[in-house]
Amino acid sequence: MIPSILPTYSRAPLTFVKGEGSWLTTDDGRRLLDLGAGIAVNALGHAHPALVDVLTQQANAVWHVSNLYNIPAQQTLADLLAEHTFADTSFFTNSGTEACELAVKMARKYWYEKGQEDRTTILTFSGSFHGRSSAGIAAAGSEKMVKGFGPLLPGFKHLEFGDHDALRAAIAEPDVAAVMVEPVQGEGGIRPLPDACLKGLRDLCDETGTLMILDEVQCGMGRTGKLFAHEWAGITPDIMMVAKGIGGGFPLGAVLATEEAASGMTVGTHGSTYGGNPLACAVGAKVVELIADADFLAEVNRKAALLRQGLEGLVASHPSVFEAVRGSGLMLGLKCVVPCGDFVAAGFANDVITVPAADNVVRLLPALNLSDDDIAEALTRLDNAAAELGGVQ
Ligand SMILES: *Cc1c(COP(=O)(O)O)cnc(C)c1O
C-alpha cells in the first residue's frame, strides 16, 4: 500500500522536534550537530531570535494581502537587494524552482521584445541542478531527473562542465538567449566554477549579447564568504536566481535582474499568489540585513578557514574513507572513497548531520553563524564517524 506521503524521498529515521543554533533535538531526546542546515537553508541556524521576532511581529500584523497591493516588507527586501547587489529589480517567489521558471521566461521575453524571437536557447551544464519543475529538469537535463517525464520543455542545450571549446562553439550560435550556471554546483557535488572560467564566460556573454543567468540558490547568501559567490570573480550576471538561505528557513526565493535584462517583464507578464508575501519578506529582509554585514561575512570567512583546515587533516588521517576536500567558504564537500551515503549514515550514528550529493561527495553546509566550539565538535564527530567506517590509519 502506498504511504500517505507520496514516497519520492528516502528518509533517514530521524524526527526533529526542536532546533537551536546549529543543534537539532529528536523526539527521543538525542541532540545532533547540524552541518546540513536543511540543505543550505537555515543560514542563520535554527530559531535565530531576530528572525523569530520579525516573523511573529509580522504574523501578528498581517499574513497575506496579494500582490494587487503594496507590501512594505517586500519593498524593504527589494531595496536591500538593490543596495547590496548588481540588481536593479527583484521578483519574489516561494522557491528556487519558481525562480528558475521566471529566469527562463525573462531571458526569452527579453529577446522577443528585441525582435529576435528566435533567440530562445538556454545553455546549461552537466551536473547542474535548477529545480524539479518542467523547466528545471529540462534545464539540468540529467537522465535521473528527466526520465519518464517527457515531452520536456524544449530550448535547452546541455554542455559538458569544463568543456571550454564546446561552450565557445555553442554560445556563438544565433539562437542562444542565455547561459544558466551555478558558480558552485551544489547537488552536483560541490563543484566550483573557477573564477577565471566565470570571468571568461562573462566575456563570451558580452561578445555575443548572451544573457548570463547565475543560479545562486545554494551558493548565494553568504555561503561562500561573499554575499553572492560571483563577487569572488569580480563579475556580475544579468539575471540571478536566489532561494534557500535568503529565507533562513521560511520559504522564499527571488529573481534579481538588471533593468535591461528585466525590460520585457511588463505588467501582466508574470505573477505569484504567495510570492513576496509579508511573512516571507519580513524574514528575508532581516536575513539579508544580517548576512550582508561586512563583519558577519568576515566571520564566515574566518570560520570557513578553520573548518577547512580541520577537514584537510581529517582527509589526511582517513585516506581509505576520503579522497579530498573541495568547495568554497562554508559550502564544502568531502569527496569520498567509501559510498558517500555510508559516511552520512555513520555521521548520524555519531550525532552529526551531513548531506550526500552527486559525484560521491558528502556536503557540509552548516549555519553561517556556527560557533568555534561547534566547529571543534563537528571535527571530532566527523573523525569518529570516519574511524568507524575506515579504521584508524
Ligand atoms: C535547491 C536548488 C534549486 C531548487 O530550489 P527549490 O527551493 O528546491 O525549488 C535550484 N537551484 C539550485 C542550485 C538549488 O540548489
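Bear in mind the structure is a predicted one, so any value in this text is a computation, not a measurement.

The rules behind the values
- Residues numbered from 1 in each chain as written.
- Predicted model: local features only at pLDDT ≥ 70, side-chain atom pairs only at ≥ 80, totals over all residues.
- Heavy atoms only, no water.
- Helix = DSSP H or I, 4+ residues; strand = E, 2+ residues; numbered from the N terminus.
- Rg over C-alpha atoms; globule rule 2.2 N^0.38 Å.
- Buried < 20%, exposed > 50% of the residue type's maximum accessible area, 1.4 Å probe, protein only.
- Areas by Shrake-Rupley, 256 points an atom, 1.4 Å probe, with all protein chains shown as cover.
- Lys, Arg positive; Asp, Glu negative; His and termini not counted.
- Charge placed at Lys NZ, Arg CZ, Asp CG, Glu CD.
- Phe/Tyr/Trp six-rings, centres within 6.5 Å; stacked < 30°, edge-to-face > 60°.
- Contact = heavy atoms within 4.5 Å.
- Near = heavy atom within 4 Å.
- Polar contact = N/O pair within 3.5 Å; in protein donor to acceptor, adjacent residues only side chain to side chain.
- Nonpolar A, V, L, I, M, F, W, Y, C, P; charged D, E, K, R; others polar.
- Core = buried A, V, L, I, M, F, W, Y, C linked by side-chain atoms within 4.5 Å.
- Domains from an automatic or database assignment.
- Pairing = 2+ DSSP bridges.
- Axes fitted to C-alpha atoms, helices over the stretch in contact; angles between N-to-C directions.
- pLDDT = per-residue confidence, 0-100.

(A) Spotlight on the overall build of the protein chain. Looking only at helices and strands, the protein chain features 12 helices and 17 strands. At 21 Å, the protein chain has a C-alpha radius of gyration in line with the 21 Å of a compact globule built from 393 residues. For the protein chain, the spread of C-alpha atoms along the principal axes amounts to about 65 × 55 × 55 Å. By residue count, 52% of the 393 residues in the protein chain fall in the buried class. With the model as given, the accessible surface of the protein chain reaches about 17,200 Å², and the carbon-plus-sulfur share is 54%. Of the side chains in the protein chain, 28 bear a positive and 46 a negative charge, and the two mean positions are spaced by 3 Å.

(B) Up close: the packing of aromatic side chains. Summed over all chains, the structure comprises two aromatic pairs. Seen in terms of ring centroids, Tyr110 and Trp111 are 4.9 Å apart; in terms of plane orientation they differ by 85 degrees. Their pairing is edge-to-face. What makes Tyr110 buried here is its relative accessible area of 8%. Given a relative accessible area of 5%, Trp111 falls into the buried group. Each ring, one from Phe322 and one from Phe343, has its centre 5.0 Å from the other, and the planes form 70 degrees; the classification is edge-to-face. Taken together, the residues Phe322 in strand E13 (residues 322-328) and Phe343 in helix H11 (residues 340-349) connect sequence positions 21 residues apart. Residue Phe322 is classed as buried on the basis of its relative accessible area of 2%.

(C) Quick peek at the side chain of Thr354. As for its placement among the helices and strands, Thr354 is situated in the loop between strand E15 (352-353) and strand E16 (355-357). For Thr354, a relative accessible area of 3% translates into the label buried. Apart from residues lying up to four places away in sequence, Thr354 is in contact with Phe343, Val344, Val362, Arg363, Leu364 and Leu382.

(D) The site of the ligand, seen in detail. In the vicinity of the ligand, the contacting residues are Ser95, Gly96, Thr97, Phe129, His130, Gly131, Glu182, Asp215, Val217, Gln218 and Lys244. Here Gly96 contributes a backbone N or O atom positioned 2.9 Å from an oxygen atom of the ligand. Here Thr97 contributes a side-chain N or O atom positioned 2.5 Å from an oxygen atom of the ligand. In the complex, the protein chains occlude 83% of the 380 Å² of accessible area that the ligand would expose alone. Of the residues belonging to the shell around the ligand, the class tally is two nonpolar, six polar and three charged.

(E) Representation of the nonpolar core within the structure. Of all hydrophobic cores here, the largest spans 87 residues; its most connected members are Met221, Ile291, Leu311, Phe322 and Leu334. Both of domain 1 (50-291) and domain 2 (294-337 + 347-384) provide at least three residues apiece to this core. Beyond its immediate stretch of four places on either side in the chain, Leu311 contacts Val325, Leu332, Leu334, Leu364, Leu379 and Leu382. Counting residues in each nonpolar core, the second largest holds 26 residues, with Leu102, Ile122, Phe156 and Ala262 among its members.

(F) Layout of H11. Taken together, the buried positions of H11 are occupied by Cys340, Phe343, Val344, Ala346, Gly347 and Phe348. After H11 finishes, the residue Asp351 shows a positive phi value of roughly 55 degrees.

(G) Focus on unusual backbone geometry. Here the bond from Gly150 into Pro151 is cis, since omega is 0 degrees, no more than 30 degrees from zero. Phi is positive for Lys244, close to 35 degrees, though the residue is something other than glycine. For Lys244, the position within the fold is in the loop between strand E11 (239-242) and strand E12 (253-257).

(H) Inspection of the sheet that holds strand E6 (residues 156-159) at higher detail. The sheet built from seven strands is open, its strands ordered E4-E12-E11-E10-E7-E5-E6 with mixed pairing. Only two strands of the sheet have a single neighbouring strand rather than two, namely strand E4 (89-93) and E6. Between one strand axis and the next, the sheet turns through 20 degrees on average, direction left out of account. Alignment of strand E5 (residues 121-125) against strand E7 (residues 176-181), held across three bridges, turns out to be parallel. Across the sheet, the residue bridging to Ile122 is Ala178, located in E7. The strands that helix H3 (residues 72-84) touches are E4 and E12; relative to E4, the one it contacts most, it runs at about 130 degrees. The sheet contacts of helix H4 (residues 96-113) involve E4, E5, E6, E7, strand E10 (211-215), E11 and E12, and relative to E11 the element is tilted by about 165 degrees.

(I) Region of the structure containing the confidence of the model for the protein chain. Chain-level pLDDT for the protein chain is 97 on average; 99% of the residues reach the 70-or-more range. Highest mean pLDDT in the protein chain belongs to E12 (99); lowest belongs to helix H6 (residues 143-146) (95).

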